[in-house]
Amino acid sequence: MANPDSPTIPTRLDDPPKFMWWDFDVAMLFMSFFVFGLITGWVVSFTVFGLVMAWLYRKAKFGQHRAYGMHLLYWHLPVNLGMKATPPSSIREFIG
C-alpha cells in the first residue's frame, strides 16, 4: 500500500500531444485524408485510405525520435519550413 505522505512522480509529462487515443501527428494525417474525402465526395474511400496511411505512419514511427515527422519533412520537402538554425536539406556537402 502506498504511503499517503510520499510524493507522486508523474511519468507521462514528456509524452507527445494526443488527440483522443492517437498521437497528434497521426491524427492530423488521418484528418487531412478525411477532410479531402469530404471535399471530393469520396468520404468512405479516403477515410479507409487515411486509416491505412495513419497506421503505416504510426508503425514506421514506432521506436523513433518524437520529432520523426519533422525529420521526414525536413529531408523530403524542398522548403525549409521556417527552421532558421539549420541549413537547407538540399545542401549535402559543405566546404570548410
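## Comments concerning the pattern of salt bridges
A complete count under the given rule lists 2 salt bridges for this structure. With a shortest N-O distance of 3.0 Å, Asp23 and Lys61 are connected by a salt bridge. With Asp23 in strand β2 (residues 22–23) and Lys61 in helix α2 (residues 43–61), the pair connects residues that are 38 residues apart, well separated along the chain. With a closest N to O distance of 3.0 Å, Asp25 and Lys61 form a salt bridge. Here Lys61 lies in helix α2 and Asp25 lies in helix α1 (residues 24–40), a separation of 36 residues in the sequence. What emerges from the salt-bridge pattern is a single network uniting Asp23, Asp25 and Lys61.

## Concerning the packing of α2 against helix α3 (residues 68–76)
Following both chains from N to C, one finds α2 and α3 inclined at 100°, their axes separated by 10 Å at the closest point. One way to sum up the angle between α2 and α3 is to call them roughly perpendicular. When α2 is examined against α3, the residues Tyr57, Ala60 and Lys61 are found in contact with a partner set consisting of Tyr68, Gly69 and Leu72. Grouping the constituent residues of the contact of α2 with α3 by class yields 4 nonpolar, 1 polar and 1 charged.

## What to know about the side chain of Lys61
Owing to a relative accessible area of 12%, Lys61 belongs among the buried residues under this scheme. When near neighbours in sequence (up to four residues on either side) are disregarded, Lys61 contacts Asp23, Asp25, Val26 and Tyr68.

## Points about the layout of surface pockets
Roughly 380 Å³ of internal volume is contained in the largest pocket. Together, 15 residues line the largest pocket, and Pro16, Lys18, Asp23, Asp25 and Lys61 are the ones closest to its centre. For the lining of the largest pocket, the secondary-structure elements that each account for two or more residues are β2, α1 and α2. Broken down by class, the residue content of the lining of the largest pocket amounts to 6 nonpolar, 3 polar and 6 charged.

## A short note on α1
Over its 17 residues, α1 extends 24 Å from the first C-alpha to the last, a length consistent with the 24 Å expected when each residue adds 1.5 Å. Those residues of α1 that sit buried are Val26, Ala27, Phe30, Phe33 and Gly37. All buried residues of α1 lie within an arc of 130° about the axis, which places them on one face of the element. Buried residues in α1 make contact with β1 (18–19), β2 and α2. Where α1 ends, the next residue or the one after it, Gly41, has phi of about 90°, a positive value.

## A word on the nonpolar core
The biggest cluster of nonpolar side chains holds 7 residues, and these are Trp22, Val26, Ala27, Phe30, Ala54, Tyr57 and Tyr68. Elements supplying a minimum of two residues to this core: α1 and α2. In terms of residues, this core owes the most to one element, α1, which gives 3 residues. With residues near it in sequence (within four places) discarded, Tyr68 still touches Tyr57, Ala60 and Lys61.

About the criteria used
- Along each chain, residues carry numbers from 1 onward, in the same order as the chain's sequence is written.
- Per-residue local features of the predicted model are confined to residues with pLDDT of at least 70, and side-chain atom pairs are confined, for both listing and counting, to 80 or more; whole-chain, interface and lining totals are unaffected and use all residues.
- Side-chain metrics in this entry use all non-hydrogen atoms of the structure; hydrogen atoms and water are not considered.
- The term salt bridge refers to a pairing of a side-chain nitrogen on Lys or Arg with a carboxyl oxygen on Asp or Glu at a separation within 4 Å.
- Only DSSP runs of H or I with at least four residues qualify as helices, and only runs of E with at least two residues qualify as strands; both kinds are numbered from the N terminus onward.
- Interaxial angle, 0 to 180 degrees, is taken between N-to-C directions of lines fitted to C-alpha atoms, where a helix line uses only the stretch in contact.
- Geometric relationships in this document are graded by angle, where less than 35 degrees denotes roughly parallel, more than 145 denotes roughly antiparallel, 65 to 115 denotes roughly perpendicular, and other angles denote oblique.
- Contact definition: two residues touch when any of their heavy atoms are within 4.5 Å.
- The classification used treats Ala, Val, Leu, Ile, Met, Phe, Trp, Tyr, Cys and Pro as nonpolar, Asp, Glu, Lys and Arg as charged, and all other residues, Gly among them, as polar.
- In this scheme, a residue with accessible area under 20% of its type's maximum is buried, one over 50% is exposed, and one in between is partly exposed, where area comes from a 1.4 Å probe on protein chains only.
- Cavities and pockets were defined on a 1 Å grid built over protein atoms only: a cavity is a set of grid points that admits a 1.4 Å probe from which the probe cannot escape, a pocket is an open set flanked by protein on both sides within 12 Å along at least five of seven lines, and lining residues are those with an atom within 4 Å of any such point.
- Grid points are joined across faces, edges and corners, and a volume is the space filled by probe spheres set on the points.
- To estimate how far a helix should reach, multiply one less than its number of residues by 1.5 Å.
- What the arc measures is the spread of directions leading from the helix axis to the C-beta atoms.
- To define a nonpolar core, start from buried Ala, Val, Leu, Ile, Met, Phe, Trp, Tyr and Cys residues and group those joined through side-chain atoms within 4.5 Å.

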